[in-house]
Amino acid sequence: MKPITLSEIKPLMTPVQHFSDCYMISSIGALARSEEGRKILSKNIAHRKDGFRIRFQNLYERSRIFS
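What counts, and at which threshold
Residues numbered from 1 in each chain as written. Predicted model: local features only at pLDDT ≥ 70, side-chain atom pairs only at ≥ 80, totals over all residues. Heavy atoms only, no water. Helix = DSSP H or I, 4+ residues; strand = E, 2+ residues; numbered from the N terminus. Buried < 20%, exposed > 50% of the residue type's maximum accessible area, 1.4 Å probe, protein only. Contact = heavy atoms within 4.5 Å. Areas by Shrake-Rupley, 256 points an atom, 1.4 Å probe, with all protein chains shown as cover. Axes fitted to C-alpha atoms, helices over the stretch in contact; angles between N-to-C directions. Parallel < 35°, antiparallel > 145°, perpendicular 65-115°, else oblique. Nonpolar A, V, L, I, M, F, W, Y, C, P; charged D, E, K, R; others polar. Core = buried A, V, L, I, M, F, W, Y, C linked by side-chain atoms within 4.5 Å. pLDDT = per-residue confidence, 0-100.

Enquirer: Which residues make up the overall build of the chain, and what values go with them?
Expert: Within the chain, the secondary structure is distributed over three helices and three strands. Scanning the chain from its N terminus toward the C terminus, one meets helices and strands in the order α-α-α-β-β-β. Counting every position in the chain, which comprises 67 residues, the buried fraction comes to 22%. For the chain, contacts bridging at least 24 residues in sequence account for 34% of all contacts bridging at least 6. Of the accessible surface of the chain, which amounts to about 5100 Å², a share of 55% is contributed by carbon and sulfur atoms.

Following this line, the structure appears as structure tokens:
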């Protein structure tokens, strides 16, 4: 899967709710506003045939995939 690009991350600074979780939307918006946050988004969001794959580690070091 191909990671999202900087040009795809920039619009996420003011995200529209394409995803169903409002906490995730606000987190993505906050991450998109900093250089380190954009690196995290690029590393954890990738293209899929039918959309995007979002993968973040939770507090217990397990990964959770949001499709």
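Enquirer: Could you give an account of the packing of helix α2 (residues 22–32) against helix α3 (residues 35–44), naming the residues involved and the relevant values?
Expert: Put simply, α2 and α3 touch, their axes get as near as 6 Å, and they point 125° apart. Classified by the angle their axes make, α2 and α3 are oblique. Contacts from Ile28, Leu31 and Ala32 in α2 reach Gly37, Arg38, Ile40 and Leu41 in α3. Taken together, the residues of the contact of α2 with α3 break down into five nonpolar, one polar and one charged.

Enquirer: An account of the nonpolar core is needed here, citing residue identities and associated values.
Expert: Judged by nonpolar contacts, Ile4, Ile9, Leu12, Met24, Ile28, Ala32, Leu41, Ile45 and Ile54 together constitute the single largest core of nine residues. By residue number, the principal contributor to this core is α2, which donates three residues. Among residues more than four places away in sequence, those in contact with Leu41 are Ile4, Ile9, Ile28, Leu31, Ala32 and Phe56.

Enquirer: I'd like a rundown of the environment of Glu8, residues and numbers included.
Expert: Here Glu8 lies in helix α1 (residues 6–9). Spatially, the C-alpha atoms of Glu8 and Ser42 are 9.3 Å apart, while their sequence positions differ by 34 residues.

Enquirer: Explain the environment of Ile28 to me, using residue names and the numbers behind them.
Expert: Looking at the element boundaries, Ile28 is found in helix α2. In sequence terms Ile28 and Ile9 are 19 residues apart; their C-alpha atoms lie 9.1 Å from each other.

Enquirer: If you had to explain the confidence of the model for the chain to someone new, which residues and values would you point to?
Expert: Looking at the chain, the pLDDT average stands at 77 and 72% of residues meet or exceed 70. For the chain, per-element mean pLDDT is lowest for strand β3 (residues 63–66), which scores 63, and highest for α3, which scores 88.

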